[in-house]
Structures are given as C-alpha cells and as structure tokens.
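Working through the structure, step by step
The residues making up each chain are set out below.
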Amino acid sequence: MPSTFPEKGYYTYYKSIHSWIGEIKKQMLKLGDDESNMRSTSENVEDGKYVVSLEEDVEMLIRTRIIGISILKTIVIKGMCGIGKTALAREIYNHPTVVKHFKCHAWVSNSTPFTLKELFIKLIQQVIDRKNRYTSTSLENMDNRRLQDMLCQHLRGRPYLIVLDDVPKQMHLKSFLKALPKECFGSRLLFTSHVKHMDIDVRDEDVHEMKPLDSNKSWQLFLKTINHGNKLTGEHRFPMNLQHMGKQMLRKCGGLPLAIKEVGKQLAEKKVSGGSEWEQLLESVDFGSTLKLLEPFYQKLDPRLEPCFMYMSFFKENTTLRAEKLREIWHVGGVVSRSNYEPYINGFIDESFIAVGDKGTEYRMNPLLHMLSIQKAEEKLGFEILRSPRHHRVIICSRDKFNYSTDQDKHLVSLFFHGGGYLDTSPSYWKSFEKLKILDLEDFGLKILPETIEKLMELRYLGLRNNYIKELSQSLGCLKKVEVLDIAQNFMVEVPDIIWEMCSLRHVYMSDVICRKSLKIDALQFLETLTYVSIDNWTYELSGLKMLTMLGKLGIEGLDGNSDVSKLFASLANMRSLEHLILRGYRFRSMPCLDRLGILQSVGTLKLDGLLGRLPTSFPPNIESLTLVNSCLDEDPMPLLEKLPELKYLKLRNAYTGQQMVILPKGFPGLTVLCIEELWNLRNVQCGEGAIFQLEKLEIHDCPYLVTLPNSLVLFLKKLKMVTTKSIAAKIKNSDLISKIGMVNINP
C-alpha cells in the first residue's frame, strides 16, 4: 500500500514479514492430482455450485487481459472476503478458450500460507509431465535455486497460465517472479487478493475490482441456496409473496455472496428442522455466524488502520462516507494527524474495506463490515448503543421522547444521534458532557438547537448537516475549541455574527444561509475550508484576507449579473494557498462575466455551477480539474477548453445545448478523465488526429442521442462507463470499438 504512516504517535506496526513466515507450520504437500481435480469440479472454497452468473466478467477479462497480448502480464482480481474472487478466477481458468490457448497451467491456493520453496514445489508438481513427477521427499531435499531452475526448465518455451489464489500482502512475489523464465510467449499470472499493492508493480487497468451483487442477482443467489436440491420441496420452498421482505433482509448482506449463501443455508436448515413460518424466520435472521466468517478478513487488516475501522461504527449503516467527514472525525478522535489522513483512506481502499463512490471523494462500506466495526468497537473502544456507560455513544431514536441518564456522562467523548425526532433540550441533559469532543446530529430532523449547547466547552466537531434548523444560537460563539462546523443543507438558516468568535475553526460547511452582516472571515486565521458563503457576505478588505494563509478550499454562491466578480477575484488572487474554488450562480439567473479568472494563479481545481452566456476567455494557468454544471452553453466549449495545457480532469453536466462537439488535432494534451452528463441534444463527437491521446477514463451519462464514439476517443481507454438507452447500450456493447478496453460498464 502507498503509505506514509507515522512511525510514532499511533499504533505500531507489529506484524513483520519474517515473524509471519516464522510462525508457519510445515504443511504436507498435496501432490499428484491437483490440476485434474481443479478442472473436474465446479466446487471451490466459495461454494462454486451456487455462484451467480459471471459471464460478463469472464468474457471481458479473457478478451482484454488474458488472450492476445504477447508480453508477460500480471492480472489481479481484487475484493473483500467472500465477494467471489476465487469463483471468477476458476471460471477463467476452466474456460475452454483459456485451456486451449495455454500449453501449461497451474493453480495454487494460499488459503494456508507457505514459503517460497513450498510454492515452487506445488508449481513443479503441476507443470511437469505426470510420468516424470518427482516424489515429495526428493523435492523437499532440493534447495530453492535448484527448484527455481527446474521450474524455469519446464515453463520455458511454452505459454503458461499460473493462478495464485488468495495472495496475502506479505508474500514475496518479487522473488517468485524472478524464478520465472524471461521468454514469456504471452504467458499470464492471475492473482486473487484482497489487496492491490503487493510488492510488485501492477498497473491500475490490470486490477479487476469485484463489485457486490445487485439486488436481483442477490435474490437469485439466495433462492438457489435456499431451494437447492431436493432438501426443500413443497411447503418448505420459499414463498414468492414474501419476496419484498426477503430482499429487505438481504440488504444487510450488501451483495456479498458469502453472506447471502450463509443466510440462505441458515434459513433452510431452520425451516427443515423447526417448521416455523417463513415470515418468522426472516425476522429472526442472525448475522453472527456470517460475521465469524469475516473474522479472518478482519485479522488481515493493517493494525494501524484498526482504530479508524472501529470509528466507522459511528456512521449509519449503508450510508455514504464523505472523505472530509472521515478525516475530521478521525482527527478529532485522536486516531490520525490532521495532515496525514490520506494513507489511512488509501489503506482502507487498498485492503478492500471501503469502496470508492462515483464522485471519487465518497466511499461506501459493506453493511456486514459495518456490523463488524460495531462489534469490535464495543469490545475495544468503549463504544455503546445504549448499553453500559462508556466513552463513545450512538443513540438510535424514534419519534418518541428519549430518556437516558447516567452518572458517567462526564466521561463521554463522542455522541452521535441517528434516527430522528425528539432531542432533550433541557439544561440538565447537556451540562454533564464536560469532555464531549464530537457531537453529530446529521440527518436527525432537528429543528431547534438548544441554547445550553454552550456548556460543551471541549467540543471540537459539531455536525448539524441536513436538518430543519432555522437559526443558529448566539451561544455557539462560546465554543472556542470547535474546529469543524457543518450546517450545510439547512435551508435558509440564519447565521448570526458569531462565526468569527469561534477562533479555532478550520472547516466550515454551510449553504443557503442568511447573514444580516458580512461574515468576519478574516478573523479565522486557521480556516482551511469554507463552503459556501454568499458573495454578498464576502468581505474584500485585502489586509484582513491576507491573514487567511491556510484557506485551501472556498465556495462562493449567489453570483448573478450584478455581482462584482472583478473585486472578488482581486481579493482571491492574494490567497496563495487557495487551490480549490467553487463558484455557484443564483438560482436561474445568469452568472457574470468571468474573464478575470486567469489571475488566480494558485487555483488547480475549479467548479462553475450556473448559467453562462459564454466561457471565460482565461482560466487559472495551473488548472488541472474543471467542472461545468448547468452552464447551458450554446457554443461548443471544446475549442477553448482543449487549449488548457495542465487539464487532466473535465466534467460537463448539463453544460452544453448543441448537437456536436469537435476536438481539434492535438487538443487536450494532458486530459486523462472525461465525464459528460445530461447533454440531451449531443449527437456527435469528433476528434482530430493526436487529440486527447492520454484519455484513460470516459464516463457518459444521459446523452440519449450519442449513438457512436470516435475511434480516437477510445483508442487508449482503460475504463468506459456509460448510462444510455437500451438500444444504444446494445449497439456499443456489440461493436468492435470497445474490444480492447479494460473495464466496460454500459447500462441502459
């Protein structure tokens, strides 16, 4: 994993490779019929006979990664425990095209760890002719060098396919690769693993990340499992009138095949033995046995990530995890430093504990992993859901009045409210939280924030996003230690002149706020994030703004034709740390002329959200990421945008009303990601020679008349994602245009 974890001050990394290998017990080698057994059965460690169709993944990987490229290629099938990595690898390994293409095959499972010597022996026993096979004793007596030479001898001159199933991150793959012959003849190494970053270099396009099953495939797998064979017949078979209830129950499995099959088997056994009604069985499903199956996966987690994993228990099940909220909760909770959170995010992604959402800055965690995080937090962190009084508490409320009292509230550090409804506003309830650092009421339905919140003098994080609050209390100004204030998505909330008093603020999130006076932002010298502030409430005094030396992300809203943006840009040009700027228009009014954007030297990420009569004539010179939303331009934006030399990411959503876009020769020299959405009239995209040649990822959503793509646009693509009409989806899927694209996801 790419990591710059702190060496001191946090959890020490105590699992070294040498101690891991030293604890391995000598395994008796299973020789002789490994390969024939592999090819003669569909059973596998993931219970292959109940695998839901993997044809699309198998076909795509064989077409783009397994067959046809002459160099030695390493492919990784990555994903969390039980998601179907082994099943997919087995389908590829046994596919007739693959069996015919490769003259030499070998499959080694790493479910029980072994040494490099044992790996050599397992491979040798599979790749040599049966009549020439050595005894296990004779191979054991050879040293690694002799085994390596023997393996090379039998692989040399033949295209081979070697599958290493369930590769741990500690495995010495570099040493293994050195043992393979240099003449590859189009040979392939196929690894399955829960991690991407092993000790070898694998290109992103050669990593196939397994996705959870959707609701329909989850249901198919559930029925296959619960109604398998002749064990359940007649009244014991699952009734279709309970399909909705069953699917609701399956949501807790999060599309994980391992969990779906475990639940199905559990219900089938109870039905046969107990005879209870299906409805009663569905209501009594116990996920405890499934969590036990995930325990080995949890044990593989880097120890430095463990406290962050337990903090995931604070969030709601199946919720979207925003990167900034994760960072801030972890920091205030004391498990990561402010400037060093990215290795932890990357670590969770690399080890398949979270999945990246479409926006790239949002993540999702499987519901079962969320359950596991709660379990581990209760055991190790002092977390509770209304049980014994401890240091961290999550309260799940209904609409009824909630009563809770304890003599140990003064020790509480974190308090999260989920659900919605009543919140005790009495002074006696809040005065006891002497040490509370985190208070989160996001999505709670709160209407009034209690005045007595001023008692929380140690508070660092106050989350009030997406509520019904109409006005912030003046008492918030007393909270001198708050670093994060999130009041976004409270429509038309009135913010009194108190923000400047909260002198420790680093991140402020708000939108559609009412301020009777201009905000004294310049008093917040530690401010790093401010989204959004109305242009009418922005102060332009340059002397004061120079104090904002740490402000890196700024969102300005309410721009219209009367806004003085020249004065705004002049003030922003003096903020050398400003890297991310968002300008949002006022409802349906046109935004003002933005030609002076070019003076913002430090801005690298820019988002323009609102009607534009035309594009600005100049952009920040170092801009790498540009998003245009609801611009509704009449003229093709490409002739101007393609000249931005540093641009790597471009997103156009409802940004252009024309029918044709033209990219001139050698246009977009550095662009790697292009997203076009809701271009309802677009019918044709033309690309000149040498244009957009570095494009790696293309996303197209809701462009119903775009029926073809130019060859030059997809020539070097690694990922194509498209949401379009059913007829267009079928046409593009069946074309030769996408035959060499690594990852293709086209949905009607």
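Each value, and the rule that gives it
Residues numbered from 1 in each chain as written. Predicted model: local features only at pLDDT ≥ 70, side-chain atom pairs only at ≥ 80, totals over all residues. Heavy atoms only, no water. Helix = DSSP H or I, 4+ residues; strand = E, 2+ residues; numbered from the N terminus. Buried < 20%, exposed > 50% of the residue type's maximum accessible area, 1.4 Å probe, protein only. Contact = heavy atoms within 4.5 Å. Areas by Shrake-Rupley, 256 points an atom, 1.4 Å probe, with all protein chains shown as cover. Polar contact = N/O pair within 3.5 Å; in protein donor to acceptor, adjacent residues only side chain to side chain. Phe/Tyr/Trp six-rings, centres within 6.5 Å; stacked < 30°, edge-to-face > 60°. Axes fitted to C-alpha atoms, helices over the stretch in contact; angles between N-to-C directions. Left-handed = near helix turned anticlockwise from the far one by under 90°. Nonpolar A, V, L, I, M, F, W, Y, C, P; charged D, E, K, R; others polar. 1 Å grid on protein atoms, 1.4 Å probe; cavity = no way out; pocket = protein on both sides within 12 Å on 5 of 7 lines; lining within 4 Å. Points joined across faces, edges and corners; volume = space filled by probe spheres on them. Pairing = 2+ DSSP bridges. pLDDT = per-residue confidence, 0-100. Salt bridge = Lys/Arg side-chain N within 4 Å of Asp/Glu carboxyl O. Right-handed = clockwise from strand over helix to strand, strands pointing away.

What follows deals with the overall build of the protein chain. Within the protein chain one finds 24 helices and 29 strands. When each of the 748 residues of the protein chain is scored for burial, the buried share is 52%. Summarising the internal contacts of the protein chain: among those between residues at least 6 apart in sequence, 57% fall at separations of at least 24. On the protein chain, roughly 34,000 Å² of surface is accessible, and the fraction owed to carbon and sulfur atoms is 50%.

Turning next to the side chain of Glu-442. Among the secondary structure elements, Glu-442 is positioned in the loop between β12 (438-440) and β13 (461-463). Within the local environment of Glu-442, its side chain forms a polar contact with the side chain of Lys-325, the two groups lying 2.6 Å apart.

A separate point is the packing of aromatic side chains. If you walk through the whole model with that rule in mind, you get 13 aromatic pairs. Centre to centre, the rings of Phe-309 and Phe-353 are 5.4 Å apart; their planes meet at 85°, and the pair counts as edge-to-face. In this pair, Phe-309 is assigned in helix α15 (residues 306-311) and Phe-353 in the loop between α17 (342-350) and β7 (355-356), connecting sequence segments 44 residues apart. Like Phe-353, Phe-309 is buried.

Bringing the packing of helix α10 (residues 215-226) against helix α12 (residues 257-274) into the picture now. Contact geometry for α10 and α12: axes closest at 8 Å, N-to-C directions at 40°. You can see that α10 and α12 cross each other, and the crossing is right-handed. The residues of α12 that touch α10, namely those facing Ser-218, Leu-221, Phe-222, Thr-225 and Ile-226, are Pro-257, Ile-260, Lys-261, Val-263, Gly-264, Lys-265, Leu-267 and Ala-268. Its residues assigned to classes, the contact of α10 with α12 comprises eight nonpolar, three polar and two charged.

This part covers empty space enclosed by the protein. Throughout the structure, instances matching the rule amount to five cavities of 30 Å³ or more. Looking at the largest cavity, its volume works out to about 70 Å³. In terms of residues, the lining of the largest cavity owes the most to one element, helix α16 (residues 323-332), which gives four residues. Looking at the lining of the largest cavity residue by residue, the class counts come to two nonpolar, two polar and five charged.

Taken together, three strands build an open sheet; the order of strands is β6-β8-β7 and the sheet is antiparallel. A strand with exactly one partner marks an edge of an open sheet, and here the two such strands are β6 (321-322) and β7. Where β7 lies against strand β8 (residues 362-364), two bridges are found, and the strand directions are antiparallel. Its bridge partner being in β8, Ala-355 is matched across the sheet by Arg-364.

Attention shifts here to the environment of Leu-369. Positionally, Leu-369 belongs in helix α18 (residues 367-380). Along the primary structure Leu-369 and Leu-291 are separated by 78 residues, whereas in three dimensions their C-alpha atoms are 8.0 Å apart. Not counting chain neighbours up to four residues away, the residues in contact with Leu-369 comprise Met-80, Leu-294, Phe-297, Phe-309, Ser-352 and Phe-353.

Further remarks concern the confidence of the model for the protein chain. Residues of the protein chain with pLDDT of at least 70 account for 85%, and the chain-wide mean is 84. Here residues 7-48 is modelled with pLDDT under 50, and outside its nearest four sequence neighbours on either side it reaches 70 contacts, counting other chains as well. Counting contacts from residues 385-389, a segment whose pLDDT is below 50, to residues more than four positions away or on other chains yields 15 contacts.

The residue Arg-338 is located in the loop between α16 and α17 in this model. Classification of Arg-338 as partly exposed rests on a relative accessible area of 29%. Placed ten residues apart in sequence, Arg-338 and Glu-328 show a C-alpha to C-alpha distance of 7.9 Å. Aside from chain neighbours lying at most four places away, what touches Arg-338 is His-331, Glu-483, Arg-506 and Glu-528.

Let us now look at the pattern of salt bridges. Where side chains of opposite charge bring their charged atoms close, a pairing between them can arise. Taken as a whole, this structure holds 36 salt bridges when the rule is applied. One salt bridge in this structure joins Glu-351 and Lys-169, with 2.7 Å as the shortest N-O distance. Note that Glu-351 is positioned in the loop between α17 and β7 and Lys-169 in the loop between β3 (160-165) and α9 (173-178), a separation of 182 residues in sequence. The two residues Glu-351 and Lys-169 agree in class, both being buried. With a closest N to O distance of 2.9 Å, Glu-442 and Arg-322 form a salt bridge.

Following both chains from N to C, one finds helix α3 (residues 55-66) and helix α4 (residues 85-93) inclined at 60°, their axes separated by 10 Å at the closest point. Judged by the twist between their axes, the crossing of α3 over α4 is right-handed. Packed against α3, whose contacting residues are Asp-57, Val-58, Leu-61, Ile-62 and Ile-66, the element α4 presents Leu-88, Glu-91 and Ile-92 at the interface. Each residue belonging to the contact of α3 with α4 can be placed in one class, and the counts come to six nonpolar, no polar and two charged.

Moving on: α16. Burial of α16 is extensive: eight of the ten residues sit out of reach of the surface. Among all positions in α16, only Ala-323, Lys-325, Leu-326, Arg-327, Glu-328, Ile-329, Trp-330 and Val-332 are buried. Following α16 by one or two positions, Gly-334 adopts a phi angle in the positive range, close to 85°.

In this section: the sheet that holds strand β1 (residues 73-78). Hydrogen bonds along the backbone pair up the strands of a sheet, which may run parallel or antiparallel. Spatial strand order, β2-β3-β4-β1-β5: five strands in an open sheet with parallel pairing. Each of the sheet's edge strands pairs with one partner strand only, and the pair in question is β2 (104-109) and β5 (207-209). Along the sheet, successive strands turn relative to each other by an average axial angle of 15°, direction set aside. Bridge count for β1 against strand β4 (residues 188-193) is six bridges, and the pairing is parallel. Residue Val-76 lies in a different strand from β4, and its bridge partner there is Phe-191. Contacting β1, β2, β3, β4 and β5, α4 crosses the sheet at an angle of about 165° to β2.

The next thing to look at is the pairing of β3. For β3, the tally of buried residues reaches six of six residues, placing the bulk of the element in the interior. Where burial is concerned, the two faces of β3 agree: the one with Tyr-160, Ile-162 and Leu-164 and the one with Leu-161, Val-163 and Asp-165 are both buried. In this sheet, β3 lies alongside β2 in parallel orientation, the contact comprising six bridges. Residue pairing across strands places His-105 opposite Leu-161, the latter belonging to β3. As paired elements, β3 and β4 share four bridges and run parallel to each other. Bridge pairing in β4 places Val-163 opposite Leu-190. In the classification by handedness, the crossover that spans β3, the intervening α9 and the parallel β4 is right-handed.

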